[in-house]
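Structure at a glance
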Amino acid sequence: MVKNVRKASLPVVGRLHHFTENEVKVIREKLLCWYDAHHRVLPWRSIAATEPDRNKRAYAVWVSEIMLQQTQVSTVIDYFKKWMTKWPTVGDLASSTLEEVNQVWAGLGYYSRARRLHEGALKVVKELNGEFPNDRDSLIHHLPGVGRYSGSAVSSIALGCAVGVVDGNVSRVLARVRGIGANIAAQSTVEHMWSLADQIVDPERPGDFNQAMMELGATVCTPKMASCSACPLRLQCVAYHKSVDEKEKASITNHFKNPEKKKQSLEPSGLPDIECLTDCDLCLRKEDWDNSLGVQNYPRKAQKTQSRQEQSAVVILEHTNGKVLLVQRPKTGLLANLWEFPSIPLTEEMDHWNEVVTECLVKEFGVPSSFASSRTFVADVIHIFSHIRQTYKVYKILVDGQEKLTWPTRYQGGQWLTREEFFTSATSTAMKKVFRAADTCGQKSKNKKNRMDLEGKSSEKKKQKTISHFFKAVQRK
Ligand code: SF4
Ligand SMILES: [Zn+2]
């Protein structure tokens, strides 16, 4: 049986991509009610909700927002707790060194964020008398690394400013609720999202409202598995109505194979198309709708930019006393100030990069040429940075106390570290991967050697047994 054809309650043509005053009121009520009942308890949220000192609130929310950029909530929780235990106030952070900050940050990735937090803390203490700025614009103006999103998040959550936020989660929710099928990354679409976010934010509870929008996107209106049946905004959602109606249309089409009957069924009470009548840059194009995707037709995917492929040789120089040589990266650029194993960038133009590596080890790091050329290949380790697919060709060289090692000027310095020191130092996840690969490889060759030794012994035993057996056999004769 085909269900009764009904008119969708949404939307009235002409206001599809905007909110009416009544919708704003309803959305605020429903979303905050849902948030109160369902939100995840997170350490920075508890501070924002209970800490009476605005400066401490702003500091905690600022740290959490910077950590959450590009990193999942589950990963951030432990880092945040460790950070707040070590530096509970902006003054504590300002009195630390960048080296200490990098150590605590190690493993979280995108290291420039740690540097900016440290710089920001110094600025608040030295230039702003220890007081955080009061609103979104001043936060953006004064704090390095704080843009429109972080400024809005910190000012609404910690300081109660009535400004909306737009991040990936909010953008997806808004695209679905308002049926926005334009390229999500286009500047005009981005601006539209911001104006919607500023319009619907609740002036009484802006921080909770913004967190509710983000929470809904993270837990209910997810990229691949929207749970519309559990969503408080279902009745206001264009994507939901459109997907239901498109399914009904398809079901009518399938039911009435006779084209005449099909026409009759669609025409008298026909389902409205949920889209603008006139040319609209924000609507999803009819030909782009895919019934199997339902609400997930929104938002339209932005074209992915291809990541860059890069290669470098990484050499683990291990002293006979077990220590390894680490060198410190430059003050700016990717992984600034972090410690790494001596690395040599390899380019496609290098025909004989094996020789280039040997030459660099000798000339730049002072490794004797016999050691440099007889280095052991460990493995290829691949690490994906945001826009770079980096392949590390990992080598190992065992050196003794006589070697006088140095490093090229592109590095800030060098030091020998024990294995334990290495894992607690300010090194990137990629370098930890490299070290583990060397460990695994070393373990494998040890096992292989042991196996070979054992096999050797057992075959010898076998042989001996055979000989003695033969001997006994001879004796018996
Ligand atoms: S109804 Fe579905 S698509 Fe619409 S906001 Fe809720 S979860 Fe997202
Ligand atoms: Zn439109």
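These lines cover the structure that appears in this document, whether it is placed above or below. Everything numeric here is computed off the predicted structure, so don't read it as measured data.

1. Here's the deal with the packing of helix α3 (residues 54–68) against helix α9 (residues 148–159)
With their axes 9 Å apart at the nearest point, α3 and α9 run at an angle of 145 degrees to one another. Helix-helix and strand crossings are classified by hand; for α3 and α9 the assignment is right-handed. Facing R54, R57, A58, V61, W62, E65 and I66 of α3, the residues of α9 in contact are Y149, S150, A153, V154, I157, A158 and L159. When grouped by side-chain class, the residues that make up the contact of α3 with α9 number 10 nonpolar, one polar and three charged.

2. What about the site of ligand 1?
Inspection of the region around ligand 1 gives R176, V177, C221, C228, C231, R234, C237, Y240 and V295 as its neighbouring residues. Judged by the proximity of its atoms to the pocket grid, ligand 1 belongs to the largest cavity. Taken together, the residues of the shell around ligand 1 sort by class into seven nonpolar, no polar and two charged.

3. Topic: the pairing of strand β5 (residues 376–384)
Two elements, β5 and strand β6 (residues 388–399), share eight bridges in a ladder whose sense is antiparallel. Looking at β6, one finds that V381 is bridged to Y392. A loop of three residues connects β5 with β6, the two strands running antiparallel in sequence.

4. Focus on the nonpolar core
Judged by nonpolar contacts, the single largest core of 105 residues is most densely connected at Y59, W62, W83 and F341. A per-element tally of this core places α3 first, with nine residues. Viewed by domain, this core spans two of them, domain 1 (21–261) and domain 2 (308–439), each represented by three or more residues. One finds V315, L361, I397 and V399 within the second-largest nonpolar core, a separate group that totals 18 residues.

5. Looking at the packing of aromatic side chains
Evaluation of the coordinates by the stated rule reveals 13 aromatic pairs. Considering the side-chain rings of F422 and F423, the 5.0 Å spacing of their centres and the 85 degrees angle between planes classify their relative orientation as edge-to-face. Residue classification places F422 among the buried positions, given a relative accessible area of 0%. Three or more aromatic residues joined by ring pairs make a cluster, and in this case those are F341, F422, F423 and F435. Sitting above the plane of the Y240 ring, R234 keeps its charged end 6.0 Å from the centroid.

What counts, and where the lines are drawn
- Residues numbered from 1 in each chain as written.
- Chains lettered and ligands numbered in written order.
- Predicted model: local features only at pLDDT ≥ 70, side-chain atom pairs only at ≥ 80, totals over all residues.
- Heavy atoms only, no water.
- Axes fitted to C-alpha atoms, helices over the stretch in contact; angles between N-to-C directions.
- Helix = DSSP H or I, 4+ residues; strand = E, 2+ residues; numbered from the N terminus.
- Left-handed = near helix turned anticlockwise from the far one by under 90°.
- Contact = heavy atoms within 4.5 Å.
- Nonpolar A, V, L, I, M, F, W, Y, C, P; charged D, E, K, R; others polar.
- Near = heavy atom within 4 Å.
- 1 Å grid on protein atoms, 1.4 Å probe; cavity = no way out; pocket = protein on both sides within 12 Å on 5 of 7 lines; lining within 4 Å.
- Sits in = over half its atoms within 2 Å of the grid points.
- Pairing = 2+ DSSP bridges.
- Core = buried A, V, L, I, M, F, W, Y, C linked by side-chain atoms within 4.5 Å.
- Buried < 20%, exposed > 50% of the residue type's maximum accessible area, 1.4 Å probe, protein only.
- Domains from an automatic or database assignment.
- Phe/Tyr/Trp six-rings, centres within 6.5 Å; stacked < 30°, edge-to-face > 60°.
- Lys NZ or Arg CZ within 6 Å of the ring centre and 35° of its normal.

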